[in-house]
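Close look at the chain arrangement
Here are the chains, one letter per residue:
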Amino acid sequence: MELFEKPKGLVTRWFSPENPSGEKEQGGLVNRGSKGRAFVTVRAGETATLLNVEESGIVCRIWLTVSDRSPEMLRSLRIDMYWDGALQPAVSAPLGDFFGIGLGQRTPFECALFSDPEGRSFNCFIPMPFWKSARIEITNESKTDLPHLFYDVDVLTGVQHTPESLYFHAHWRRESPNALGKDYAIVPNMFGTGRFLGCNIGVITDPRYETAWWGEGEVKVRYAYDEAASLCGTGTEDYIGTAWGQGKYLHRTQGCSVADSENRRWAFYRYHVDDPVFFERGCEITIQTIGGTSRGKVLAMQAAGIPVIPVTLDSGGGKPMIHLMEQEPPTPLATVGKDEDWCNFWRQDDWSSTAYFYLDSAESVLPTLAAVETRTAGLS
């Protein structure tokens with residue numbers, strides 16, 4: 001709709017602690033209207049309902065903040081979203097990871113879908129349509145009470161959706177460490193028609209690899225029932241629009257919000273707003289857990305028993321790359337190349353991700369969220 005239009009039947013509703021029902025003439029009534037209920041407390045094990053509405057509409061914006069923004073709390077708070085009475089949530093993710101930055105960290109940033117103006121709030125601008133009902137909940141799975149949860153969920157109701165409209169989903173997962181020699185699944189194999197909206201990814205590198213680069217892996221999209229990928233990138237930093245390493249930058253649809261080489265942590269995002277990724281029957285979206293360093297250092301890692309699988313060797317100067325995995329068994333690294341040659345190799349680190357997508361199903365078609373112990377281990 002245009003900014004100057006008022007479509008018939010649409011109603012603006014704000015759901016907050018001052019008006020939990022979002023109903024007309026029900027805002028700010030506590031304490032005779034003098035800011036009597038600006039927040040809710042979510043005790044350990046409890047669930048707070050941010051939105052519960054039964055009619056058609058669109059969630060247009062979510063803002064919230066919490067008084068405890070420690071890594072453990074940001075991974076222990078779980079946000080769930082249910083559409084049209086589904087029994088399984090379409091969205092289930094740790095609170096911090098859902099709002100655009102992984103690893104239980106916050107930093108000021110703004111992109112097309114999320115923002116955090118000063119590093120202490122959470123904004124989401126992804127439109128989330130529903131036909132019959134919507135419910136958004138936050139569960140405190142920690143052992144500590146959360147004293148303050150402020151929130152504001154902005155909704156349009158009375159919306160007439162088109163047949164092409166889809167349900168919003170978000171899926172979080174973590175592998176610590178990832179399986180050696182296998183792609184990390186950002187979106188595990190799923191079925192349905194929809195659109196991959198993008199993802200944010202967090203990596204904590206294993207100190208055994210020291211300063212060896214971790215981000216040589218390529219992002220792939222394999223459509224359902226296909227043997228191989230149809231969409232394939234050229235490297236991790238390439239996927240998010242940069243090159244030759246990955247420092248901190250925050251752009252509209254791509255960026256790296258955390259680039260902390262001292263503590264071996266990176267968090268980055270890519271959103272397919274301008275370059276849609278559609279799928280008809282389903283898809284699987286993965287990233288290779290491949291890094292790179294000199295051949296000499298990889299040989300030293302092998303000798304020390306550090307998990308590595310060499311895959312390519314590049315001596316530069318326009319010479320053809322040596323494909324170590326071309327034969328079965330693979331070509332031993334020690335038999336080719338020079339110590340200064342660049343060697344790409346499979347490695348094991350701590351990978352986590354939140355994937356965002358639209359699907360023709362209101363209910364999740366992917367595995368449920370991992371236990372809180374798995375989510376929070378190694379964050380401090």
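This text goes with the structure placed above it.
This report concerns the structure included in the present document. Just so we're clear, the structure is a prediction, and the values are computed from it rather than from any experiment.

What follows concerns helix α4 (residues 295–303). Among the residues making up α4, those that are buried are Arg 295, Val 298 and Met 301. Seen end-on, α4 carries its buried residues on one side only, within an arc spanning 120 degrees. Structurally, α4 contributes buried residues whose contacts are with β23 (290–294), β24 (309–314) and β26 (342–346). Looking at the residues trailing α4, positive phi occurs at Gly 305, about 80 degrees.

Relative to the elements of secondary structure, Thr 293 occurs in strand β23. Thr 293 gets classed as buried once you look at its relative accessible area, which sits at 7%.

A cis geometry characterises the amide bond from Ser 176 onward to Pro 177, with omega recorded as 0 degrees. Secondary-structure assignment places Pro 177 in the loop between β13 (167–175) and β14 (184–191). Pro 329 follows Glu 328 through a cis peptide bond whose omega is 5 degrees. As for its placement among the helices and strands, Pro 329 is situated in the loop between β25 (322–323) and β26. We note that Asp 84 has phi near 55 degrees; this positive angle belongs to a residue other than glycine. Here Asp 84 is to be found in the loop between β5 (77–83) and β6 (91–94). Positive phi is not limited to glycine here, since Leu 103 has a value of about 70 degrees. Counting through the fold element by element, Leu 103 comes out in the loop between α2 (95–98) and β7 (109–110). Given the relative accessible area of 1%, Leu 103 is considered buried.

The antiparallel open sheet is built from 4 strands, whose spatial order is β23-β26-β24-β25. One side of each edge strand has no neighbouring strand; the edge strands of this open sheet are β23 and β25. For β24 and β26, the ladder comprises 5 bridges, and the chain directions are antiparallel. If you follow Thr 312 over to β26, its bridge partner there is Asn 344. In the packing of α4 onto the sheet, contacts are made with β23, β24 and β26, and the angle to β23 comes to roughly 110 degrees.

Judged by pairing direction, the sheet is antiparallel, and its 4 strands sit side by side in the order β14-β22-β16-β17 without closing on themselves. In this open sheet, the two strands that pair with only one neighbour each are β14 and β17 (231–232). Pairing of β14 with strand β22 (residues 282–287), which is carried by 5 bridges, proceeds in the antiparallel orientation. In the sheet register, Phe 191 faces β22, and the bridge partner there is Gly 282.

Soluble globular proteins tend to pack their nonpolar side chains together in the buried interior. Residues Leu 64, Trp 83, Phe 98, Phe 114, Leu 149 and Phe 168 are the most contacted members of the largest nonpolar core, which totals 58 residues. With 5 residues, strand β12 (residues 146–157) is the single largest residue contributor to this core. Here Phe 98 is in contact with Ile 79, Met 81, Val 91, Ala 93, Phe 114, Cys 124, Met 128, Phe 168, Ala 170, Thr 354 and Tyr 356, once residues within four sequence places are set aside. Counting 28 residues, the second largest nonpolar core, distinct from the first, contains Val 221, Phe 279, Ile 287 and Trp 351.

Taken as a whole and assessed by the stated rule, the structure comprises 22 aromatic pairs. When the centroid spacing of 6.4 Å and the interplanar angle of 50 degrees are considered together, the rings of Phe 109 and Tyr 269 count as tilted. Residue Phe 109 is found in strand β7, and its partner Tyr 269 is found in strand β20 (residues 265–271); the two are separated by 160 residues along the sequence. The class of Phe 109 is buried, set by a relative accessible area of 5%. The exposure class of Tyr 269 is buried, given its relative accessible area of 1%. Residues Phe 114 and Tyr 271 carry aromatic rings whose centres are separated by 5.8 Å and whose planes lie at 50 degrees to one another, so their mutual orientation is tilted. You can see Phe 114 sitting in strand β8 (residues 114–116) and its partner Tyr 271 sitting in strand β20, a full 157 residues away along the chain. In this structure an aromatic cluster arises from ring pairing among Phe 98, Phe 99, Phe 109, Phe 114, Phe 122, Phe 168, Tyr 269, Tyr 271, Tyr 356 and Tyr 358. Across the ring face of Tyr 239, the terminal group of Arg 270 is positioned such that the distance to the ring centre comes to 4.8 Å. The ring centre of Tyr 209 lies 4.1 Å from the NZ or CZ of Arg 347, which sits over that ring.

Conventions and cut-offs
- Residues numbered from 1 in each chain as written.
- Predicted model: local features only at pLDDT ≥ 70, side-chain atom pairs only at ≥ 80, totals over all residues.
- Heavy atoms only, no water.
- Buried < 20%, exposed > 50% of the residue type's maximum accessible area, 1.4 Å probe, protein only.
- Helix = DSSP H or I, 4+ residues; strand = E, 2+ residues; numbered from the N terminus.
- Arc of directions from axis to C-beta.
- Contact = heavy atoms within 4.5 Å.
- Pairing = 2+ DSSP bridges.
- Axes fitted to C-alpha atoms, helices over the stretch in contact; angles between N-to-C directions.
- Core = buried A, V, L, I, M, F, W, Y, C linked by side-chain atoms within 4.5 Å.
- Phe/Tyr/Trp six-rings, centres within 6.5 Å; stacked < 30°, edge-to-face > 60°.
- Lys NZ or Arg CZ within 6 Å of the ring centre and 35° of its normal.

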